[in-house]
Amino acid sequence: MDVLIYSIFIFIIGLCFGSFFNVVGYRLPNNMSIIFPSSHCPKCNHKLGKLELIPVLSYIIQGGRCKHCKSKISIFYPIFEILTGILFVLCYLSYKDMYPELLNIIYSIVFSSAMVIIMISDFKYMIIPDEVLVFSSVVLIILKLCILYKIEMITSFMDFGYEIIFMLKDALIIFIIMYLIRAFGNLIFKKDSMGGGDIKMMAFIGLVLGWKLSVVVIFLGAFLALPLSILNVYRKNEHMLPFGPYLALASLILLLSKVDFNMILELLK
């Protein structure tokens, strides 16, 4: 019963954060402050009232339109709010029994939050904000060190230093792998085959999942993107597709399933 109550509470919190992530994903690529001005309709600049800021419900009540100018509101807003709520609950359910519980839950939520913002920004503008990657990296490194200290995996300042170097090494290895993949793709297709944001995003994922699992993320992300990529070419003759959302989805699958590289090797045998 407690798990159900906590899940409902966390889902509601996730909805609220999802609403904020929509703002971040919209404003950062446009070089706007995420704080000022307050939330408003992008068409008529109508300042949203409290009842218009309720995640999901306000969209339903208003029929998916601005209360003031009646312009249509993108369905992506409530979709990402619900997605964030679901991800927060999955983070709780996946890590609630892993000591230290709270730190592990927060760690997975911070990573999931970064992935949601990246999905929003990359879907809308094909931009992966550096600010999200840098801020989240710093927070996750601190949380990881706290977790390792709590379970007595690190006991000295030297251990802290070694662990940071180890995490950065994983990030660097996957960065180099992605850079080489991009260089090979550019050589084959005679044009940019991958955005620089995708490379930096994979370095961030490597920081969290390690370089071996990050290689799995690349292949899984490509597999997830393939059907839509084919459809995109068939319907629009368009070859450009944001890769970030599929890398994000692949990394979330591995994070929440708590799969490690050795487990994947065993499954392949």
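Predicted model only: the values in this text are computed from it and were never measured. (Residues numbered from 1 in each chain as written. Predicted model: local features only at pLDDT ≥ 70, side-chain atom pairs only at ≥ 80, totals over all residues. Heavy atoms only, no water.)

(A) Broad picture of the packing of aromatic side chains. A full pass over the atoms with the stated rule returns 11 aromatic pairs. Considering the side-chain rings of F17 and F21, the 5.9 Å spacing of their centres and the 45 degrees angle between planes classify their relative orientation as tilted. Within this pair, F17 and its partner F21 are both found in helix α1 (residues 2–27), separated by 4 residues, close to a single helical turn. The exposure class of F17 is partly exposed, given its relative accessible area of 40%. Each residue in the set F17, F20, F21 and F88 is aromatic and connected to the rest through ring pairs, giving one cluster. Sitting over the ring of Y107, K144 keeps its end group 5.9 Å from the ring centre. Taking the ring centre of Y95 as reference, the NZ or CZ of K258 above it sits at 5.5 Å. (Phe/Tyr/Trp six-rings, centres within 6.5 Å; stacked < 30°, edge-to-face > 60°. Helix = DSSP H or I, 4+ residues; strand = E, 2+ residues; numbered from the N terminus. Buried < 20%, exposed > 50% of the residue type's maximum accessible area, 1.4 Å probe, protein only. Lys NZ or Arg CZ within 6 Å of the ring centre and 35° of its normal.)

(B) Molecular detail of the pattern of salt bridges. Overall, the coordinates contain 3 salt bridges when judged by the stated rule. R182 is the salt-bridge partner of D192, the closest N and O atoms lying 3.6 Å from each other. Taken as a pair, D192 in the loop between α6 (157–189) and α7 (196–209) and R182 in helix α6 lie far apart in primary sequence, 10 residues in all. With a relative accessible area of 53%, D192 lands in the exposed category. (Salt bridge = Lys/Arg side-chain N within 4 Å of Asp/Glu carboxyl O.)

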